[in-house]
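Letter by letter, the chains look like this.
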Amino acid sequence: MCKLPSLRYLSCLGLLVACLSVGTSNAWTSTTPLPLSKEEAEWRREHPIIKVGVFTGDHMPFEAWRGGQPDGMAVDYIRTLAGRAGMQLEFHPYSDWNAVSFGFREGEAFDLILTQPVRADRMGRFLMLRPYAFTSPAVVTRSEGSDIKSKVDLRKAKLSVERRFGLQTREIHAELPEATLLYAEQGDEALSLVANGKADAYIAPTWVRARALVARRGLPDVEVRGDFDLPVYGIAPAVRRDLPLLAQILKRSEATIGSSELTELQARWGADDASRV
């Protein structure tokens, strides 16, 4: 069984600010016009369309591309920010996470991307907005017969990870240098490695992803374990560094987001308690 949310999760959640619903007509509105400086207002007039990159892989609840449309918590968030700033968005799918997150050349086709960890390496590549969520990796083990009870047990274990989440994999290796990492192409494959005994545990990038994958599997052979004291990090949109006025305008929008809107956003995406973010 999973433990109750840890204090550090609760403290992180207290810092969260975010919200947005799909479609301009459904976006939360503000009765007070967003105050912009003359320079910001001129930039907005000269840039009527903001190009947003959306990852096409399975990165829910944060972002996905479904039926030719963007979907996810981050899509809701950025639509609200843009709506309050009087900006229009144009969403474009991309499939190579690392090329956009690290190479950045392909990322130059976008003005911003939706889901980046708030880390030092990202600060050098992007202008980071405020986190709309805080999260931590989750541990999934076999339901019966598992020797993984605490973080100590992970130190020399065989751990399945998803290859595309390269940043998380590097951090796991740094945190657990003696563990053996087994790479899977998708979360379902990572769970199967645990279920069939090839891996001792699956390290999922987020709690909500771990729970969704286990629920989708529909078998009682694996389960999400409690808090293993793995690093907590913020998730936020990232603006191109050569667009500081765009970042400034969106940060003004962020300041209008209230705690009740955060609660609504979290509830809508099944992340309305600390243990599920």
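Everything numeric here is computed off the predicted structure, so don't read it as measured data.

Here is what the cut-offs are and how they apply
Position numbers for residues start from 1 in each chain and track the written sequence from start to end. Confidence filtering applies because this is a predicted model: local features only for residues at pLDDT of at least 70, side-chain atom pairs given and counted only at 80 or more, and all residues used for totals across whole chains, interfaces and linings. Computation of side-chain values covers all heavy atoms of the structure but excludes hydrogens and water. Only protein chains enter the accessibility calculation, which uses a 1.4 Å probe. A residue is then buried if its area is under 20% of the maximum for its type, exposed if over 50%, and partly exposed in between. To qualify as a helix, a DSSP run of H or I must reach at least 4 residues; to qualify as a strand, a run of E must reach at least 2; elements of each kind are numbered from the N terminus. Here the arc refers to the set of directions running from the helix axis out to each C-beta atom. Throughout, a residue-residue contact means that at least one pair of heavy atoms, one from each residue, lies within 4.5 Å. Each helix should span, by expectation, one fewer than its residue count multiplied by 1.5 Å. Every case where a carboxyl oxygen of Asp or Glu lies within 4 Å of a side-chain nitrogen of Lys or Arg is listed as a salt bridge. We treat two strands as partners when DSSP finds at least two bridges between them. Here, axes are lines fitted to C-alpha atoms. For helices the fit covers the stretch in contact, and angles between N-to-C directions go from 0 to 180 degrees. Pairing of aromatic side chains here covers Phe, Tyr and the six-membered ring of Trp, requires ring centres within 6.5 Å, and sorts the geometry by plane angle: under 30 degrees stacked, over 60 edge-to-face, intermediate tilted.

(A) Structural context of helix α8 (residues 187-195). Buried within α8 are the following residues: Gly187, Ala190, Leu191, Leu193 and Val194. The arc that holds every buried residue of α8, seen down its axis, measures 155°, which confines them to one face. Each element contacted by the buried residues of α8 is listed here: β8 (138-142), β9 (158-162), β10 (180-184), β11 (201-204), α9 (207-217) and β12 (222-224). Immediately beyond the C-terminal end of α8, within one or two residues, lies Gly197, with a positive phi of roughly 85°.

(B) View of helix α3 (residues 73-84). Look at α3: 17 Å from first C-alpha to last across 12 residues, which is about the 16 Å you get at 1.5 Å a residue. Among the 12 residues of α3, 11 are classified as buried, and the element is accordingly described as predominantly covered. Inspection of α3 places Met73, Ala74, Val75, Asp76, Tyr77, Ile78, Arg79, Thr80, Leu81, Ala82 and Arg84 among the buried residues, and these make up the whole buried set. Once α3 ends, the next one or two residues include Gly86, with phi positive near 70°.

(C) Fine view of the pattern of salt bridges. Inspection of every chain in the model, using the stated rule, returns 16 salt bridges. One salt bridge in this structure joins Arg163 and Glu185, with 2.8 Å as the shortest N-O distance. You can see Arg163 sitting in the loop between β9 and α7 (166-175) and its partner Glu185 sitting in the loop between β10 and α8, a full 22 residues away along the chain. Among the residues examined, Arg163 registers a relative accessible area of 43% and is labelled partly exposed.

(D) The sheet that holds β10, seen in detail. Spatially, the 5 strands line up as an open sheet ordered β10-β9-β11-β8-β12, and their pairing is mixed. Looking at which strands have only one partner, the edges of the open sheet turn out to be β10 and β12. Direction aside, the axes of adjacent strands within the sheet are offset by 30° on average. Alignment of β8 against β12, held across 3 bridges, turns out to be antiparallel.

(E) Broad picture of the packing of aromatic side chains. Under the defined criterion, the tally for this structure stands at 5 aromatic pairs. Ring geometry for Phe55 versus Trp97: centroids 5.2 Å apart, planes at 75°, classification edge-to-face. Of this pair, Phe55 sits in strand β1 (residues 49-55) while Trp97 sits in helix α4 (residues 97-103), and the two are 42 residues apart along the sequence. Taking relative accessible area as the criterion, Trp97 reaches 10% and is therefore assigned buried. Between Tyr77 and Tyr132 the ring centres are 5.3 Å apart and the planes differ by 45°, which places this aromatic pair in the tilted class. With Tyr77 in helix α3 and Tyr132 in the loop between β6 (126-128) and β7 (133-135), this pair connects stretches of sequence that are 55 residues apart.

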